[in-house]
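Given next are the chains, with one letter for each unit.
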Amino acid sequence: MSENNYEVTNPIQACNDVFIRPSDVFRALSLKDNWSWLPFILVVVISSLPAYLYFDMVDYNWYVDTQIALSMPDASPAELENVRPAYGTGKSASMFALIGAPLYLIIVSAVLALYFTLVTRNDDKSIHGFFDWYGAQWWFMMPTIIASAISLALILIMVEPGSQASQSLLSPTSLSYLLSIQTSSKWFTFMSYIRFDTIWSVYLGAVCLQEWTNFSRNKSFIFSAIPTLIILTIALFWTISQ
């Protein structure tokens, strides 16, 4: 079968091809319904596992002490003790990861779907509404599965129960991990936002815009990147102000 005649015929095939033939996947999604449930389940389940496992295994008292020291460096011992209960326990943090991560992704996807709906509503080719773009978001986030799988592997290999392991293991495709930036650095959070899988997701969003609209290649990349650039700009200014 030639390249031009290639056809994506089912959602399982699409979950594989979105990494290597994204144009074909989004072309098929333009005509298919109810395919986005599969990436939704994969992204929600797999992306919540690293944080669950990390908090279940790490020395949680050490983790809390580290976080408090970073957020309240000038606090008195009494103030530190008053803040500690707010962090809960390792078990509660693990359970929150299982619930909080999916809720966060659902909300973020809805916001981004609204954004894509608004920026494409005046395009002559675009026939896709909010729910179409909401489903597309889960395909854009498929690279997080790879990042989460790497994170899971690193946690299983490097973290012993009760050990003191950096939370950078939760974002192994970020600059904070790749450049070994310490959590005590004011640049840690900002560098954690710059992730390979996020850039990949922006690329998938641009490919989808090219397939579903009359947007040029450059225009598609610009509009796909704007939400990420806004977040990075806010994070940069916050970091500089510290």
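For the structure itself, consult the block above.
Here we summarise the structure given alongside this text. (Residues numbered from 1 in each chain as written. Predicted model: local features only at pLDDT ≥ 70, side-chain atom pairs only at ≥ 80, totals over all residues. Heavy atoms only, no water.)

### With respect to the overall build of the chain
Helix and strand counts for the chain stand at twelve helices and zero strands. For the chain, the spread of C-alpha atoms along the principal axes amounts to about 65 × 35 × 30 Å. The burial tally for the chain puts 42% of its 242 residues in the buried class. Contacts in the chain between residues at least 24 apart in sequence constitute 65% of all its contacts with a sequence separation of at least 6. A total of about 13400 Å² of accessible surface is found on the chain, and carbon and sulfur atoms cover 64% of it. For the chain, the distance from the average site of its 11 positive side-chain charges to the average site of its 17 negative ones is 8 Å. (Helix = DSSP H or I, 4+ residues; strand = E, 2+ residues; numbered from the N terminus. Buried < 20%, exposed > 50% of the residue type's maximum accessible area, 1.4 Å probe, protein only. Contact = heavy atoms within 4.5 Å. Areas by Shrake-Rupley, 256 points an atom, 1.4 Å probe, with all protein chains shown as cover. Lys, Arg positive; Asp, Glu negative; His and termini not counted. Charge placed at Lys NZ, Arg CZ, Asp CG, Glu CD.)

### Here we look at the pattern of salt bridges
Scanning the model with the defined rule gives six salt bridges in all. The salt bridge partner of Arg 195 is Asp 197, with a shortest N-O separation of 3.2 Å. Relative accessible area serves as the criterion here: at 3%, Asp 197 is assigned to the buried category. When salt bridges with common partners are traced through the structure, they connect Arg 21, Asp 24, Arg 27 and Glu 211 into a single cluster. (Salt bridge = Lys/Arg side-chain N within 4 Å of Asp/Glu carboxyl O.)

### Description of the side chain of Ser 126
Here Ser 126 is to be found in the loop between helix 6 (90-120) and helix 7 (130-140). By relative accessible area, Ser 126 is classed as buried at 15%. Every residue in contact with Ser 126, bar those within four places of it in the chain, is listed here: Thr 120, Trp 212 and Thr 213.

### Quick look at helix 2 (residues 22-29)
Extensive coverage of helix 2 is indicated by the burial of six of its eight residues. Of all the residues in helix 2, the buried ones are Pro 22, Asp 24, Val 25, Phe 26, Ala 28 and Leu 29. Buried residues in helix 2 make contact with helix 1 (11-17), helix 7 and helix 11 (196-212).

### What about the environment of Met 95?
By the secondary structure assignment, Met 95 is in helix 6. With 47 residues separating them in the primary sequence, Met 95 and Ser 48 have C-alpha atoms 9.8 Å apart.

### A closer look at a nonpolar patch on the surface
On the surface, a nonpolar cluster with roughly 640 Å² of combined accessible area is contributed by Ile 41, Val 45, Leu 49, Met 95, Leu 98, Ile 99, Leu 103 and Ile 106. Breaking the nonpolar patch down by element, the ones donating at least two residues are helix 3 (37-57) and helix 6. Of all the elements, helix 6 adds the most residues to the nonpolar patch, at five residues. Turning to its location among the elements, Leu 103 is positioned in helix 6. Given the relative accessible area of 47%, Leu 103 is considered partly exposed. (Patch = residues over 30% accessible without salt bridge, like charges linked within 9 Å, V, L, I, M, F, W, Y side chains within 5 Å.)

### Considerations on the environment of Pro 102
Tracing the sequence through the fold places Pro 102 in helix 6. Its relative accessible area of 12% is what places Pro 102 among the buried residues. C-alpha of Pro 102 to C-alpha of Ile 46: the two residues are 56 residues apart in sequence and 9.9 Å apart in space. Apart from the residues lying within four places of it in its own chain, the contact partners of Pro 102 are Val 44, Ser 48 and Ala 97.

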